[in-house]
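Coordinates in review
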Amino acid sequence: MKICDYLLPLRTATTRILDFLVPESCLGCGTAEVALCEVCVRSIPPPPYGESRDIISLFDYRNKTIRKALWALKYRGGRRMGKILGSLLYNKVIKKIEDDNMLSAPANMLIIPIPLSKKRLKERGFNQSEILAQEMSYRDREENFILETSVLYRIRDTGSQALIKDRETRMNNVKGCFAVNNKNKILGKN
């Protein structure tokens, strides 16, 4: 049981009441009854930098619509936006896997969400990285990869990454703050 599971019914009820009082609309264009419409998703520019084998980025995160979507994911309950972004991420990851010819060994591929600190998990009540990973796993049905949520754990709390603007400082902020729980689960895996 996660730290804040007892708050889930309250959050669910609050979300339903808010949805009734203030119906959902697209973060980009305002279209009713959808969190992020297809037209707006297609209009979000790609990242301004080239991708590497190790880093996959969906969009240019300086884009106003994406900033709103990430804010909704992290600070406004996140589950709906997590499903949308998780689905988009899944499609991009599958394309990358196909392009890199990695589909021959699906049992060797893992998705491991980045764990939050206990303090941040308690504040939020959920881990946005885990929501994205769960949506990807749901869409994949273990055809290409396996979701492992108990491999990484956080050994020290860090300051908020959102407040750090410099990439090198952000990287140093998280350096050495994670450890592997069960090395056997990741040996020989991608």
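The preceding data block contains the structure.
Scoring rules and cut-offs
Residues numbered from 1 in each chain as written. Predicted model: local features only at pLDDT ≥ 70, side-chain atom pairs only at ≥ 80, totals over all residues. Heavy atoms only, no water. Core = buried A, V, L, I, M, F, W, Y, C linked by side-chain atoms within 4.5 Å. Buried < 20%, exposed > 50% of the residue type's maximum accessible area, 1.4 Å probe, protein only. Helix = DSSP H or I, 4+ residues; strand = E, 2+ residues; numbered from the N terminus. Contact = heavy atoms within 4.5 Å. Patch = residues over 30% accessible without salt bridge, like charges linked within 9 Å, V, L, I, M, F, W, Y side chains within 5 Å. Areas by Shrake-Rupley, 256 points an atom, 1.4 Å probe, with all protein chains shown as cover. Salt bridge = Lys/Arg side-chain N within 4 Å of Asp/Glu carboxyl O. Axes fitted to C-alpha atoms, helices over the stretch in contact; angles between N-to-C directions. Parallel < 35°, antiparallel > 145°, perpendicular 65-115°, else oblique. Left-handed = near helix turned anticlockwise from the far one by under 90°. Nonpolar A, V, L, I, M, F, W, Y, C, P; charged D, E, K, R; others polar. Expected span 1.5 Å × (residues − 1). Arc of directions from axis to C-beta.

With that out of the way, let us pick up the nonpolar core. By size, the foremost hydrophobic cluster in this structure holds 26 residues, and its most contacted members are Leu36, Phe59, Met81, Leu85, Ile97, Met136 and Phe145. Going through the elements one at a time, α2 (38-43), α3 (64-75), α4 (79-99) and α6 (128-140) are the ones with two or more residues in this core. Other than its neighbours up to four places away in sequence, leucine 85 contacts Leu58, Ala69, Leu70, Leu73 and Leu132.

Let us now look at the environment of valine 34. Within the secondary structure layout, valine 34 lies in the loop between α1 (8-21) and α2. Separated by 46 residues in the primary sequence, valine 34 and arginine 80 place their C-alpha atoms 9.6 Å from one another. Contact partners of valine 34, with chain neighbours within four places excluded, come to Glu24, Ser25 and Cys26.

Before going further, it helps to spend a moment on a nonpolar patch on the surface. A cluster of nonpolar residues, Ile17, Phe20 and Leu21, forms a patch on the protein surface that exposes about 380 Å² of accessible area. Among the secondary structure elements, leucine 21 is positioned in helix α1.

Here the focus is the packing of α4 against α6. Across the interface, α4 lies against α6 with an axial gap of 8 Å and an inter-helix angle of 55 degrees. By the angle between their axes, α4 is oblique relative to α6. In the packing of α4 onto α6, the handedness of the crossing is right-handed. Of the residues in α6, those in contact with Arg79, Gly82, Lys83, Leu85, Gly86, Ser87, Leu89, Tyr90, Val93 and Ile94 of α4 are Ile131, Leu132, Glu135, Met136, Arg139 and Asp140. Across the contact of α4 with α6, the residue classes break down as eight nonpolar, three polar and five charged.

Below, the discussion takes up α3. Its twelve residues place the ends of α3 16 Å apart at the C-alpha level, agreeing with the 16 Å of an ideal helix rising 1.5 Å per residue. Of the positions making up α3, those classed as buried are Thr65, Ile66, Ala69, Ala72 and Leu73. Seen end-on, α3 carries its buried residues on one side only, within an arc spanning 120 degrees. Seen from the buried face of α3, the exposed residues on the opposite side, beyond 90 degrees, are Lys64 and Arg67. For α3, the secondary structure elements touched by its buried residues are α4 and α6.

These figures capture arrangement, not role.
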